[in-house]
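# Understanding the architecture of this molecule
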Amino acid sequence: MSRRGSEPAVGRVLHHVVERHAMAYRRHWHMQVATAAEPILYLLALGVGVGGLVGEVDVGSERIPYARFLVPGMLVAGVMTSATLDTVFGFFVRLEYVGIYRSMLNTPLTVGDICAGEVAWAVGRATFHAFAFLSACWMTSVLDFPEGVGMLGVAGIVAFAFAAVGLASATFLRSWVDFDLVLVALVPMFLFSGTFLPLDQLPRPLQWLTQASPLTHGVSTARSVLDGRVGWDDLLRVVALLSAGLGGLRVANRRLTGVLAS
């Protein structure tokens, strides 16, 4: 393993790992646009299209337009997908096919720097996609500018949690076949975490199960921020998401150290 350089850890992560990914992706800007477009298309099809048929939905003691109800769910779900796929698929390709990590360790970078850089890159991309989605909401008058800006902070926290856990999960993958397991985890969360309908509309046993989904906590917190009703329960959700991210980083660091040493 290489020795730690004199440059601060944050500098190593940003100047080398994140910068390397930015340079690699600069010729593939269309991929960024395509990824950011997915939640926007959902918003137009469901929020504007289906929302015209549904009208308003009951949320607690008030009724709100369906498109407005959909915004926090689609924003957070899009962040989950972007961050997870970045650290799972991107990491697996760079580890198994590009083989770049062993080369990085011949520099002053450490395994911890690599893990932090992968997560930082995924969080940055996911937050950019969240901003693009919010911009679409403002342009289509689903939200009034700058309403919802605070949700970008929630998006960053959710991205950190899913990116770190995704990175840790990727160290256990053996082949492309294992990616189906990732989708098995993501799809139910996408559908049953309060993204498309209020949780109290689900059967009670399913309501209990949704509380185990990190996406449920992200969606609930984003809705609280949008409505200006942030409470202690939202703070606990944020702490849980941050704890999941830190735990994922720790597992990823330990697992990647063993993989690269073998």
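Rules of the game
- Residues numbered from 1 in each chain as written.
- Predicted model: local features only at pLDDT ≥ 70, side-chain atom pairs only at ≥ 80, totals over all residues.
- Heavy atoms only, no water.
- Axes fitted to C-alpha atoms, helices over the stretch in contact; angles between N-to-C directions.
- Helix = DSSP H or I, 4+ residues; strand = E, 2+ residues; numbered from the N terminus.
- Parallel < 35°, antiparallel > 145°, perpendicular 65-115°, else oblique.
- Contact = heavy atoms within 4.5 Å.
- Nonpolar A, V, L, I, M, F, W, Y, C, P; charged D, E, K, R; others polar.
- pLDDT = per-residue confidence, 0-100.
- Buried < 20%, exposed > 50% of the residue type's maximum accessible area, 1.4 Å probe, protein only.
- Polar contact = N/O pair within 3.5 Å; in protein donor to acceptor, adjacent residues only side chain to side chain.
- 1 Å grid on protein atoms, 1.4 Å probe; cavity = no way out; pocket = protein on both sides within 12 Å on 5 of 7 lines; lining within 4 Å.
- Points joined across faces, edges and corners; volume = space filled by probe spheres on them.

## Focus: the packing of helix H6 (residues 151–170) against helix H9 (residues 214–227)
- One way to put it is that H6 packs onto H9 with a least axis distance of 9 Å and a crossing angle of 170°. If you check the angle between H6 and H9, you find them roughly antiparallel. Facing H6, whose interface residues are Met151, Val154, Val158 and Phe162, H9 presents Pro214, Leu215, Gly218, Thr221, Ala222, Val225 and Leu226.
- In the contact of H6 with H9, the residues fall into nine nonpolar, two polar and no charged.

## Re the confidence of the model for the protein
- For the protein, mean pLDDT is 83; residues scoring 70 or higher make up 87% of the total.
- In the model of the protein, helix H2 (residues 29–54) stands out as the element of lowest mean pLDDT, 68, in contrast to H6, which has the highest, 94.
- In this model, residues 1–6 is a region of pLDDT below 50 whose contacts with residues beyond four sequence positions or in other chains number 17 contacts.

## Topic: the side chain of Gln207
- Following the sequence through the fold, Gln207 ends up in helix H8 (residues 204–210).
- For Gln207, a relative accessible area of 18% corresponds to the buried category.
- A polar atom in the side chain of Gln207 sits 2.7 Å from the backbone oxygen of Leu202.
- Ignoring any residue separated from it by four or fewer positions in sequence, one finds Gln207 in contact with Leu199, Asp200 and Leu202.

## Details of empty space enclosed by the protein
- Evaluation of the coordinates by the stated rule reveals two cavities of 30 Å³ or more.
- Volume-wise, the largest cavity comes out at about 50 Å³.
- Forming the boundary of the largest cavity are Val59, Ile64, Arg68, Phe69, Pro72, Arg223, Leu226 and Asp227.
- Looking at the lining of the largest cavity, its residues break down into five nonpolar, no polar and three charged.
- Put simply, the second largest cavity is a space of about 40 Å³.
- Forming the walls of the second largest cavity are Pro39, Met74, Leu75, Gly78, Val79, Ala126, His129, Ala130 and Phe133.
- At the level of elements, helix H3 (66–98) and helix H5 (111–139) are the ones that each hand at least two residues to the lining of the second largest cavity.
- Classifying every residue of the lining of the second largest cavity gives seven nonpolar, two polar and no charged.

## Regarding the environment of Thr84
- As for its position among the elements, Thr84 is in helix H3.
- Separated by 75 residues in sequence, Thr84 and Ala159 have C-alpha atoms that sit 7.9 Å apart.
- Not counting residues within four places of it along the chain, the set of residues in contact with Thr84 comprises Phe162, Val182 and Leu186.
- Separated by 2.7 Å, the side chain of Thr84 and the backbone oxygen of Met80 make a polar contact.

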